[in-house]
Amino acid sequence: MKFVELANQYTSRIEVSNGVLSVDAKSIMSVMRLAAVNGTTLTITADGSDAKPATTSLAELVEQGFGELGGDEKIPSIEA
Amino acid sequence: MKIKKGIGVSPGVAIAPAVVMDTEEFDIPQRHVPVDRAQAELARLRKAADVSKKEILDLRARTVERIGQEAAGIFDFHLGLLEDNVLNKKFSDTVLGGSVTAEYAVSTVLRGYAKEFLAMPQYLAERVKDIYDIERRLLRNLTGQRHRSLSHLTRDVVVLAGDLTPSQTASMDRAHVRGLAIDAGGQTSHTAIVAKALGIPAVVGLNDVTAEAAAGDIVIIDGTRGLVVVDPDEQTITNYQNYAQQQVEFIHSLDALRDLPALTTDGHEITLLGNIEFPPEAHTVLEKGGQGIGLYRTEFLYLGSDIEPTEEDHYRAYREVIEQCEGRPVVIRTLDLGADKYTQSRARIPERNPMLGCRSIRFSFRNLNSFKTQVRAILRASVGSTVSIMFPLICNLLELRHAKAVVRDVIEDLEEENIEHRGDVPIGIMVETPSAALQSDVFAREVDFFSIGTNDLIQYTLAVDRGNEKVASLFSAASPAVLRLVRQVIRSGLRFEVPVSVCGEMAADPIFTILLLGMGLRTFSCAPPALPEIKQIIRSVTMEQCIQVARRVMSFEAENEVVNYLRAETRKVLPAALAD
């Protein structure tokens, strides 16, 4: 999954949440558990030296559409 | 303690440790290891994961080469899963924290995820296939392709499986298997038939009982109520032991009937025969008071091994049954394979609609050598005995005439070769298609007997696949439409003096006994364990009573009216028969 692959390129600890569940963005199994489909709101948080670039590029990827999960997720907040 | 609800297909209670089979015939061997072995188990898991990753990389490379980059993408996904940190931590925590085997950890962790994903939207639910794929790969690399079969067991167990293939049930160590619990839905014919024939409780349609139980867990199988209890508490075990005891006593009380005749109180004699799949069961039929074999399902000769049975294999099996029956009637049904999952999965070109396809007699006509081999063996084996041949699934007159022509050809061959055989073997048909039932008056003039195969007759009449859990509830022998067809066949038999029997499950179901008697049926053939109860009912009614009941039932419009009324009438005669 592109999202997870991208997250794994950064050293910071990255978490993604669907409002109910918050998981490690670098784990495919965990991210799958979010069951993110069209309309889901995702919150991406990162903590570490490359936190800012991490959240920015991940947010961009989501905006452009995941490819597999069918795009259009809105990201209300990005914290570094 | 977990209680799972499914469909009970064979009554009774079994309490024993579980053997868990997954659909690939892998038996998850053991659950626990000594604490000091846990690290070693984790090392095994890591090693299996490494091997698996190499395999996947290999597959990926080959796919890119032969098909393309995009198709290979799925292997990236698999690799990603295997390298997932959270997943690997879960594996490690499970092995070290619970002191369990690598296999057990792999199965429980992955199935835990699978279960979660099954409840999710389409895309994710489909990824479950990938999870099972990874599980299989890891297990394969852990156990090194070791298939555990059910044929050698050292203690009494209950078997939990995703599904059981006929070859598995055919080679099962019947001395030690005390009950069956299956994930797959509906009344899958082989599991139900085998469980009933063995007289062991079975529950199907449990969906995920194999995920809920581990090898060695104590499991209670309640085939009467369709319940499975995994890891029961003390109280539950005690309750079930008491219940099981009562059932055993009831069955023993019925066994006392063995040598008593199946006579109604006003002196009508009824013939009770048994259905068998394997020669040794003939003995059980006689033990339970059967007067012969009303249906010998010969397909198990084919299913029990990978190679087709020879004429001698057939001959030996038939002689064994005939000899055990010591002159009593034996009805041998020719091959009835083709629609079952097992055959379809091995077919070069699986049919789209096997139930309506090239199965049974149609298959035999297309495999004339095989068919003739079977008929030859039957005719040779029947020397000096009362054997009859029965053809399955006959749906029109031409098929019957064709089948009889084949028999004549075989007789000619045997005469030319000077081989001893019986040339006057009675020939009958299974009435299991609506067409045969509706034309039973015409067929009656060209057969020596009928046997109503209610299982398939109901499926074809109501257009229901009883193995499909979405519609399985539509399947019922109490359907007024089905009852009309059954009555029609019985009447044709009476009118043209052709003996009629019912050999489907309807014959073994106590609530239908009175009705069938009232319709004019005088021969029942069922799985041996059911015989005593049916006999008890026969011995407790008058024919007049039965005729009244039948008249009443045929005026009902709906299945539930029929069932409620018959249950009430049967309870009056045999209160203990219908367990609640």
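Within each chain, residue numbers correspond to sequence positions counted from 1 in written order. Here chains are named by letter from A upward and ligands by number from 1 upward, in the order in which they appear as written. This being a predicted model, a pLDDT of at least 70 is required before a residue's local features are given, and a value of 80 or more before pairs of side-chain atoms are given or counted; all residues contribute to the totals for chains, interfaces and linings.

Participant: Summarise the overall build of chain A; cite the residues concerned and give the values.
Facilitator: Working definition: helices are DSSP H or I runs of at least four residues, strands are E runs of at least two. Numbering for both runs from the N terminus. For chain A, the helix and strand inventory stands at three helices and four strands. Each helix (α) and strand (β) of chain A, taken in turn from the N terminus, gives the series α-β-β-α-β-α-β. A pair of residues counts as a contact when their C-beta atoms, built from backbone coordinates, are separated by no more than 7 Å. Across chain A, the fraction of contacts at a sequence separation of at least 24, relative to all contacts at a separation of at least 6, is 59%.

Participant: I'd like a description of the interface of chain B and chain A, backed by residues and values.
Facilitator: Of the residues lining the interface, 14 residues belong to chain B; the matching set on chain A comes to 13 residues. Under this grouping Gly is polar, as are all residues other than the nonpolar Ala, Val, Leu, Ile, Met, Phe, Trp, Tyr, Cys and Pro and the charged Asp, Glu, Lys and Arg. For the side of chain B that touches chain A, the residue count by class is nine nonpolar, two polar and three charged.

Participant: Give me the packing of helix H3 (residues 85–98) of chain B against helix H4 (residues 102–118) of chain B: which residues, what numbers.
Facilitator: All names here are of chain B. Here an angle of 0 to 180 degrees is reported between the N-to-C directions of two axes, which are lines fitted to C-alpha atoms, with helices fitted over the stretch in contact. Remark: H3 packs on H4, axes separated minimally by 9 Å, with the N-to-C direction vectors making an angle of 130 degrees. Relative to H4, the element H3 lies oblique. Crossing angle aside, the handedness with which H3 passes H4 is right-handed. Residues Lys 90, Phe 91, Thr 94 and Val 95 of H3 form the contact with H4, whose own contacting residues are Ala 102, Ala 105, Val 106, Thr 108 and Val 109. For the contact of H3 with H4, the per-class residue count stands at six nonpolar, two polar and one charged. An angle counts as roughly parallel when it lies under 35 degrees, as roughly antiparallel when it exceeds 145, as roughly perpendicular when it falls between 65 and 115, and as oblique in every other case. With the far helix as reference, a near helix turned anticlockwise by less than a right angle produces a left-handed crossing, and one turned clockwise produces a right-handed crossing.

Participant: Describe the sheet that holds strand S9 (residues 271–276) of chain B, listing the residues and the values that go with them.
Facilitator: Residues and elements named next belong to chain B. DSSP calls a pair of strands paired once it identifies at least 2 bridges connecting them. Judged by pairing direction, the barrel is parallel, and its eight strands sit side by side in the order S9-S10-S11-S12-S13-S14-S15-S16 before closing back on the first. The mean inter-strand angle of the sheet, taken between neighbouring strand axes irrespective of direction, is 25 degrees. In this structure, strand S14 (residues 449–452) lies alongside strand S15 (residues 500–502), joined through three bridges in parallel fashion. Following the sheet pairing, Ser 451 is matched in S15 by Ser 501. Across the sheet, helix H22 (residues 531–538) touches S9 and strand S16 (523–526), and the angle it forms with S9 is around 165 degrees.

Participant: Summarise the pairing of S9(B); cite the residues concerned and give the values.
Facilitator: All names here are of chain B. Buried, partly exposed and exposed are defined by the number of other C-beta atoms within 10 Å of a residue's own C-beta, namely 20 or more, between the two limits, and 12 or fewer respectively, with C-beta atoms placed from the backbone. Within S9, five of the six residues are buried, which leaves the element mostly enclosed by the surrounding structure. Pairing of S9 with S16, which is carried by four bridges, proceeds in the parallel orientation. Residue pairing for S16: Leu 273 is matched across the bridge by Ser 525. Pairing analysis gives three bridges linking S9 to strand S10 (residues 293–297), with the strands arranged parallel. Within the sheet, the bridge partner assigned to Asn 275 lies in S10 and is Leu 295. For the handedness criterion, the strands are oriented away from the viewer, and a crossover whose path from the first strand over the helix to the second runs clockwise is classed as right-handed. In this fold, the crossover linking S9 to S10 by way of helix H10 (residues 281–287) has right-handed handedness.

Participant: Residue-level account of the sheet that holds strand S7 (residues 218–222) of chain B, with values.
Facilitator: Residues and elements named next belong to chain B. Spatially, S1-S8-S7-S3-S4-S5-S6-S2 is the arrangement adopted by the eight strands of the open sheet, whose pairing is mixed. In this open sheet, the two edge strands, each paired with only one partner strand, are strand S1 (2–5) and strand S2 (7–10). Taken pair by pair, the neighbouring strands of this sheet meet at an average axis angle of 30 degrees, ignoring direction. Bridge count between strand S4 (residues 157–161) and strand S5 (residues 177–182): five bridges; the pairing is parallel. Residue pairing across strands places Val 158 opposite Gly 179, the latter belonging to S5. Lying over the sheet, helix H9 (residues 234–255) contacts strand S3 (13–21), S7 and strand S8 (227–230), oriented at roughly 115 degrees with respect to S3.

Participant: Go over unusual backbone geometry, please, and point to the residues and values.
Facilitator: Residue and element names in this part refer to chain B. In the Ramachandran plot, Asp 231 falls in the positive-phi region, its phi being about 55 degrees despite a non-glycine side chain. Examined against the element boundaries, Asp 231 turns out to sit in the loop between S8 and H9. Given 15 C-beta atoms within 10 Å, Asp 231 falls into the partly exposed group. Positive phi is not limited to glycine here, since Glu 326 has a value of about 45 degrees. Mapping Glu 326 onto the fold places it in the loop between helix H12 (311–325) and strand S11 (330–333). C-beta crowding within 10 Å serves as the criterion here: with 10 such atoms nearby, Glu 326 is assigned to the exposed category.

Participant: Give a detailed account of the confidence of the model for chain B, specifying residues and quantitative values.
Facilitator: Within chain B, residue pLDDT values average 87, and 90% of them lie at 70 or more. Two summary scores accompany this predicted model of the complex, namely pTM at 0.62 and ipTM at 0.79. By definition, pLDDT measures how confident the predictor is in each residue, and it falls between 0 and 100.

Participant: How would you sum up the environment of Glu126(B)? Please name residues and give values.
Facilitator: All names here are of chain B. Note on placement: Glu 126 falls in helix H5 (residues 122–143). A residue is classified by how many C-beta atoms lie within 10 Å of it, and Glu 126, with 11 of them, is exposed. On a C-alpha basis, the gap between Glu 126 and Ala 114 in space is 9.8 Å, while along the polypeptide they are twelve residues apart.

Participant: Please give an account of the environment of Lys2(B) that cites residues and values.
Facilitator: Residue and element names in this part refer to chain B. For Lys 2, the position within the fold is in strand S1. Residue classification places Lys 2 among the partly exposed residues on the basis of 13 C-beta atoms within 10 Å. When the C-alpha positions of Lys 2 and Glu 212 are compared, they lie 7.8 Å apart, and in sequence the two are 210 residues distant.

Participant: Lay out H12(B) in plain terms, naming residues and giving numbers.
Facilitator: Residue and element names in this part refer to chain B. Over its 15 residues, H12 extends 21 Å from the first C-alpha to the last, a length consistent with the 21 Å expected when each residue adds 1.5 Å. As for H12, its buried residues are in contact with H10, S10, helix H11 (300–303), S11, helix H15 (368–381) and strand S12 (387–391). One or two residues past the end of H12 sits Glu 326, with phi positive at roughly 45 degrees. To estimate how far a helix should reach, multiply one less than its number of residues by 1.5 Å.

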